[in-house]
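Here's the letter readout for the chains.
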Amino acid sequence: MNWDAGAVDTLVQRLALPQPVFVTQPNMPDLGDYHRMLEKIWDRKWLTNDGQFHQEFERRLAAQLKVEHINLFCNGALALLVALQALRINSGEVITTPFTFPATPHVLWWNNIRPVFCDIDPVTYNLDPKGIEQHIRPETRAILPVHVFGTPCDVEAIQAIADRHGLQVIYDAAHAFGVRYKGRSITEHGDLSMLSFHATKLFTSIEGGALVSRSDQLRTRINFLKNFGIANEETVIAPGINGKMNEFQAAFGLLQLDMVDAEIARRAKLTQIYRDGLSGLPGITLAKTPPDVEPNYAYFPMLVDEAKYGASRDELHAALKRFNINSRKYFYPLCSHFPCYAALPSARPENLPVAERVASQVLCLPLYGNLADDAAATLCTIVRELHALLKESPHG
Ligand code: T4K
């Protein structure tokens, strides 16, 4: 790469956004509405432990997602931690993806389970079913795929493998709020699915999360596990933990339920602006929505191929900062590179060629409802003009 410094300076003067934009921003509810809910919390003096807002949120969330069994949690990571305990997966190995947020393998570690990293699909960036079976051994207990960026995994192929080998499937659906596949919530696949409602998610309860399960029995067990295993004042039936969502989070989440459809619609429009502005640009690969999927537009990942675009992902990421654009390299480095996992045989880079390449090329562009259309369009112009500058550079 060889950008002409003067030419880039001129471009910055012409196109830099007036204010910094970040990879995401929460969609804030009306402050007056939240205040009215806070007044109710003050009146009731009931702050947590299955409060009224918690109960209402759980009920309305299940109805909105059209799922039957749901448990709220204080955050997604703890929900996933409890999911494994709920299914009694607390030893052996679990097959998962290295192309994810650290929470995914970390919850395995916290449950005394060895993560086994499997390569990803080059189109969806999700666990590649074709690679799973070679990792199955007598110690294998489950498969933990991630619907990364909200794109559904190949749920049918994964379930077929799980059924063949008697394995359980837990989906990390942290990014997949509201995603539907063949008309059903994507969270209805596998034995359990975890949703995250962190502030960086398109649907948020500040911090928060949920587990979607298949049976009332499992839902009841999860309820015990997230509250220390307490059945009543004198009875503790399981070694549970504190995973409860509080009333402040639940109130925020209730307000978000009424806003999320508009947020998804805004993100769909911005996604289209990005697609129109970036498609066909040499070296830039845009993610595709697989068939039969109603997406949620949670993220806008693209791959930057240095040989064709002219600059590397890292160079583009750094250059965009000069224009006040804070993109993110989700998910670089791969989890298999973390010191706690790097010595595992499955973590060897030669075993994960697709994940290695995707992690080295991926860049997530800012995507959130409050991002102005003009800002998204300008971002596309910047990425195009930076490429043109590279082509024109006498040293390029
Ligand atoms: N599994 C997967 C696949 C996940 O992606 C995650 C979380 C989990 C499991 C665990 O779920 P939780 O336990 O978190 O519910 C963020 C989030 O902290 C994390 O929740 C999320 N995934 C991950 C993809 O993104 P960071 O370290 O990138 O966040 P941070 O603080 O750099 O924020 C990114 C940008 O968002 C900021 O530059 C500005 C904006 N922002 C952030 C916050 C926190 C705001 O505008 N307001 C805010 O309050 O991890």
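Here, the structure is the one placed above.
This write-up is about the structure you can find in this document. Note that this is a predicted model, so its numbers are computed, not measured. (Residues numbered from 1 in each chain as written. Predicted model: local features only at pLDDT ≥ 70, side-chain atom pairs only at ≥ 80, totals over all residues. Heavy atoms only, no water.)

With 4 of 5 residues buried, strand β4 (residues 140-144) is to be regarded as a mostly interior element. Here 4 bridges tie strand β2 (residues 93-96) to β4, and the two strands are oriented parallel to one another. What sits directly across from E93, in β4, is T140. Bridging between β4 and strand β5 (residues 168-172) involves 2 bridges; their strand directions are parallel. In the strand pairing of β5, I143 is matched with V169. Since β4 and β5 lie parallel, the crossover through helix α7 (residues 155-165) that links them has a hand, and here it is right-handed. (Buried < 20%, exposed > 50% of the residue type's maximum accessible area, 1.4 Å probe, protein only. Helix = DSSP H or I, 4+ residues; strand = E, 2+ residues; numbered from the N terminus. Pairing = 2+ DSSP bridges. Right-handed = clockwise from strand over helix to strand, strands pointing away.)

Burial within strand β14 (residues 300-304) is extensive, with 5 of its 5 residues counted as buried. Burial of β14 is two-sided: the residues F300, M302 and V304 facing one way and the residues P301 and L303 facing the other way are all buried. Pairing between strand β12 (residues 284-286) and β14: 3 bridges, direction antiparallel. Bridge pairing in β14 places I284 opposite V304. Where β14 and strand β15 (residues 362-365) come together, 4 bridges link them in antiparallel fashion. Within the sheet, the bridge partner assigned to P301 lies in β15 and is C364.

This part is about the pattern of salt bridges. Enumeration over the complete set of coordinates arrives at 19 salt bridges. Salt-bridge contacts for D9 lead to R322; the nearest nitrogen and oxygen are separated by 2.7 Å. Of this pair, D9 sits in helix α1 (residues 5-15) while R322 is found in helix α12 (residues 313-322), placing the two residues 313 residues apart along the sequence. Put simply, R164 and E133 hold a salt bridge, and the shortest N to O gap is 3.1 Å. With R164 in helix α7 and E133 in the loop between α6 (129-132) and β4, this pair connects stretches of sequence that are 31 residues apart. Overall, the relative accessible area of 55% leaves R164 in the exposed class. One network of salt bridges, with partners in common, ties together E93, R114, R137 and E139. (Salt bridge = Lys/Arg side-chain N within 4 Å of Asp/Glu carboxyl O.)

On the basis of which strands lie adjacent, the open sheet formed by 3 strands has the order β12-β14-β15 and antiparallel pairing. A single partner strand is all that each edge strand has here, and the edge strands are β12 and β15. Between one strand and the next, the sheet's axes are offset by a mean angle of 35°, whatever the strand orientation. (Axes fitted to C-alpha atoms, helices over the stretch in contact; angles between N-to-C directions.)

Below, the discussion takes up a nonpolar patch on the surface. There is a patch of nonpolar side chains on the surface, built from F228, I230 and V236 and spanning about 260 Å² of accessible area. Structurally, the position occupied by F228 is in the loop between α8 (216-225) and β10 (230-232). The exposure class of F228 is partly exposed, given its relative accessible area of 37%. (Patch = residues over 30% accessible without salt bridge, like charges linked within 9 Å, V, L, I, M, F, W, Y side chains within 5 Å. Areas by Shrake-Rupley, 256 points an atom, 1.4 Å probe, with all protein chains shown as cover.)

Two numbers describe how helix α4 (residues 76-86) lies on α8: the axes approach to 10 Å, and their chain directions differ by 120°. Taken together, the axis directions place α4 and α8 in an arrangement best described as oblique. By crossing handedness, the relation of α4 to α8 is classed as right-handed. Residues V82, Q85 and A86 of α4 form the contact with α8, whose own contacting residues are L218, R221, I222 and L225. A per-class count over the contact of α4 with α8 returns 5 nonpolar, 1 polar and 1 charged. (Parallel < 35°, antiparallel > 145°, perpendicular 65-115°, else oblique. Left-handed = near helix turned anticlockwise from the far one by under 90°. Contact = heavy atoms within 4.5 Å. Nonpolar A, V, L, I, M, F, W, Y, C, P; charged D, E, K, R; others polar.)

A few words on the site of the ligand. Lining the immediate environment of the ligand, one finds 26 residues, of which D172, H175, S196, R328 and Y330 sit closest. For the ligand, an oxygen atom lies 2.7 Å from a polar atom in the side chain of H175. Within the contact set of the ligand, an oxygen atom lies 2.8 Å away from a side-chain nitrogen or oxygen of R328. Contact with the protein chains covers 74% of the free accessible surface of the ligand, which is 910 Å². The residue inventory of the shell around the ligand, partitioned by class, reads 12 nonpolar, 11 polar and 3 charged. (Near = heavy atom within 4 Å. Polar contact = N/O pair within 3.5 Å; in protein donor to acceptor, adjacent residues only side chain to side chain.)

On to helix α13 (residues 353-361), then. Since the α-helix turns once every 3.6 residues, residues separated by three or four places project in the same direction. Within α13, the full set of buried residues consists of V354, A355, V358, A359 and Q361. Buried-residue contacts for α13 involve β14, α12 and β15.

This part is about the sheet that holds β4. Pairing between the strands of a sheet comes from backbone hydrogen bonds, and it takes one of two forms, parallel or antiparallel. Spatial strand order, β1-β9-β8-β5-β4-β2-β3: 7 strands in an open sheet with mixed pairing. Of all strands in the sheet, those with a lone pairing partner are β1 (69-73) and β3 (114-117), marking the two edges. Here the average twist between neighbouring strands, direction ignored, is 25°.

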